[in-house]
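Okay, here's what each chain looks like letter by letter:
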Amino acid sequence: MDNANPHDPDASDEASGDRRRISRKGLLKAALVASAAPLLAGGSVALARDAATGNGPLAPTPECDDDGDDTTPPQMEGPYFKPNSPRRTSLVTPSTPGVPLTVSGYVFGRACRPISGALLDFWQADTNGAYDMAQFAFRGHQFTGADGSFRLTTIVPGLYPGRTRHIHVKAQAPGGRILTTQLYFPNEPRNNTDALFDPELLMNVRNVGNGRQGSFDFVLDVAQTPGPTDLPTDPPTEPGAGWVAGTSYRAGDRVTYGGVAYRCLQAHQAVSGWEPPNVPALWERG
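Just so we're clear, the structure is a prediction, and the values are computed from it rather than from any experiment.

### Things to note about the overall build of the protein
When helices and strands are counted, the protein shows two helices and 15 strands. For the protein, the residues scored as buried account for 44% of the 286 residues in total. Of all intrachain contacts in the protein linking residues separated by at least 6 positions in sequence, the fraction that spans at least 24 positions is 64%. Looking at the protein as shown, the accessible area adds up to about 13700 Å², and 51% of this sits on carbon and sulfur atoms.

In structure tokens form, the structure reads like this:
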């Protein structure tokens, strides 16, 4: 079983289950553990993006709301973390043994708005349940795109004594605190006996060809300003107009930011943190 040393409370999210306040999700979690049925009627776990778009019922996995009790819960780091993993979105090669797995999703803040440039650092066991402590096999970090999305290519991790299947991850918004947690697979027999298993951390997983596809949305404890109810219909188009968070920009719109002119490359709603210099996928100078 993973045994972790305590995190530095100034550097990471180290709230334990004993210290987390009781929320409606905590009560739901207890009911799900008792029933061993953490899936919705459709056979999948609802995602935070459902709350962000106003779709779907109350979900057992974390969803966004204004009081923050549905942020993704933390879990222990365990003894197998190594810093300085390589930056990469794929942890495998065509010859890597194991069942192929892709994991994709989004990173949101507490107002259900995507977080661009969030760090996600993954590590896991190989198909035999072993961790590579000498090199960086099955270890890698990446950053979310302008829309808050991520995608990881790996394999289904193997089992080892005391644990169910899981993937470790550290998530951090730019300049924010580190969330250390783990992701789990549905319908695993060991989910019922693993003392660390948390149904709030279940991925949606389906079989695709000879592999599997998983999805999960992280909700970080990052304060955000909710988007406006009525988006502006006439965003500034002249080069002298300043960039404003909350504005709905169209491709071709021009703004200035920090005294520099920028042209919009694709339509989007401006979000704090997506200032033109920070998101070259959305803005180009000139």
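### Concerning the nonpolar core
Membership of the largest hydrophobic core comes to 30 residues, with the highest contact counts inside it found for Leu120, Ile167, Met203 and Phe218. Contributions of two or more residues to this core are made by strand 2 (100-108), strand 3 (119-123), strand 5 (149-155), strand 6 (166-172) and strand 7 (178-184). In this structure isoleucine 167 touches Leu101, Val103, Phe122, Trp123, Gln124, Pro157, Thr181, Gln182, Leu183, Phe185 and Met203, once residues within four positions along its chain are discounted. Ranked by size, the runner-up nonpolar core spans 12 residues in total, among them Trp243, Tyr249, Leu282 and Trp283.

### Re the side chain of lysine 170
Position of lysine 170 relative to the elements: it lies in strand 6. Among the polar contacts listed, one links the side chain of lysine 170 to the side chain of threonine 180, at a separation of 2.9 Å.

### A closer look at the pattern of salt bridges
Under the definition given, this model contains five salt bridges. Among the salt bridges present, the one from arginine 165 reaches glutamate 188, with a minimum N-O distance of 3.1 Å. Of this pair, arginine 165 sits in the loop between strand 5 and strand 6 while glutamate 188 sits in the loop between strand 7 and strand 8 (204-208), placing them 23 residues apart in sequence.

### Focus: the packing of aromatic side chains
Any aromatic ring pair is given by two values, namely how distant the centres are and how the planes are angled relative to each other. Enumeration over the complete set of coordinates arrives at 11 aromatic pairs. For the pair tryptophan 243 and tyrosine 257, a centre-to-centre distance of 5.9 Å together with 90 degrees between the ring planes defines the contact as edge-to-face. With tryptophan 243 in the loop between strand 10 (218-219) and strand 11 (248-249) and tyrosine 257 in strand 12 (residues 254-257), this pair connects stretches of sequence that are 14 residues apart. Through successive ring pairs, a cluster of aromatic residues spans Phe122, Phe150, Phe216 and Phe218. Taking NZ or CZ as reference, lysine 82 lies 4.1 Å from the ring centre of phenylalanine 136, over its face. Between lysine 170 and the ring centre of phenylalanine 81, over which it is positioned, the NZ or CZ distance is 4.7 Å.

### Re the confidence of the model for the protein
Taken residue by residue, the protein gives an average pLDDT of 79. The fraction at 70 or more is 72%. Scored below 50 in pLDDT, residues 3-42 makes 68 contacts in the model with residues more than four places away or belonging to other chains. In this model, residues 229-240 is a region of pLDDT below 50 whose contacts with residues beyond four sequence positions or in other chains number 27 contacts.

### Some remarks on unusual backbone geometry
Phi is positive for cysteine 112, which is not a glycine, with a value near 65 degrees. Considering the arrangement of structural elements, one finds cysteine 112 in the loop between strand 2 and strand 3. Assessed through its relative accessible area of 17%, cysteine 112 is described here as buried. In this model, phenylalanine 138 sits at a positive phi of 55 degrees, which is unusual for a non-glycine residue. By the secondary structure assignment, phenylalanine 138 is in the loop between strand 3 and strand 4 (139-143). Phenylalanine 138 sits in the buried class, given a relative accessible area of 9%.

### Side note on the environment of tyrosine 131
Mapped onto the secondary structure, tyrosine 131 falls in the loop between strand 3 and strand 4. A sequence separation of 50 residues divides tyrosine 131 from phenylalanine 81, and the C-alpha atoms of the two residues are 9.3 Å apart. Excluding anything up to four places from it in sequence, tyrosine 131 contacts Tyr80, Trp123, Gln124, Ala125, Arg139, Tyr160, His166 and His168. Looking at tyrosine 131, its side chain comes within polar contact range of the side chain of histidine 166, at 3.2 Å. Within polar-contact distance, the side chain of tyrosine 131 engages the side chain of histidine 168 at 3.2 Å.

### A look at the side chain of glutamine 124
Structurally, the position occupied by glutamine 124 is in the loop between strand 3 and strand 4. When its relative accessible area of 2% is taken as the criterion, glutamine 124 is described as buried. Polar contacts involving the side chain of glutamine 124 include one to the side chain of threonine 154, which spans 2.8 Å. Setting aside chain neighbours within four positions, we find glutamine 124 in contact with Leu91, Tyr131, Phe138, Thr154, Ile155, Val156, Pro157, His166 and Ile167.

What counts, and where the lines are drawn
- Residues numbered from 1 in each chain as written.
- Predicted model: local features only at pLDDT ≥ 70, side-chain atom pairs only at ≥ 80, totals over all residues.
- Heavy atoms only, no water.
- Helix = DSSP H or I, 4+ residues; strand = E, 2+ residues; numbered from the N terminus.
- Buried < 20%, exposed > 50% of the residue type's maximum accessible area, 1.4 Å probe, protein only.
- Contact = heavy atoms within 4.5 Å.
- Areas by Shrake-Rupley, 256 points an atom, 1.4 Å probe, with all protein chains shown as cover.
- Core = buried A, V, L, I, M, F, W, Y, C linked by side-chain atoms within 4.5 Å.
- Polar contact = N/O pair within 3.5 Å; in protein donor to acceptor, adjacent residues only side chain to side chain.
- Salt bridge = Lys/Arg side-chain N within 4 Å of Asp/Glu carboxyl O.
- Phe/Tyr/Trp six-rings, centres within 6.5 Å; stacked < 30°, edge-to-face > 60°.
- Lys NZ or Arg CZ within 6 Å of the ring centre and 35° of its normal.
- pLDDT = per-residue confidence, 0-100.

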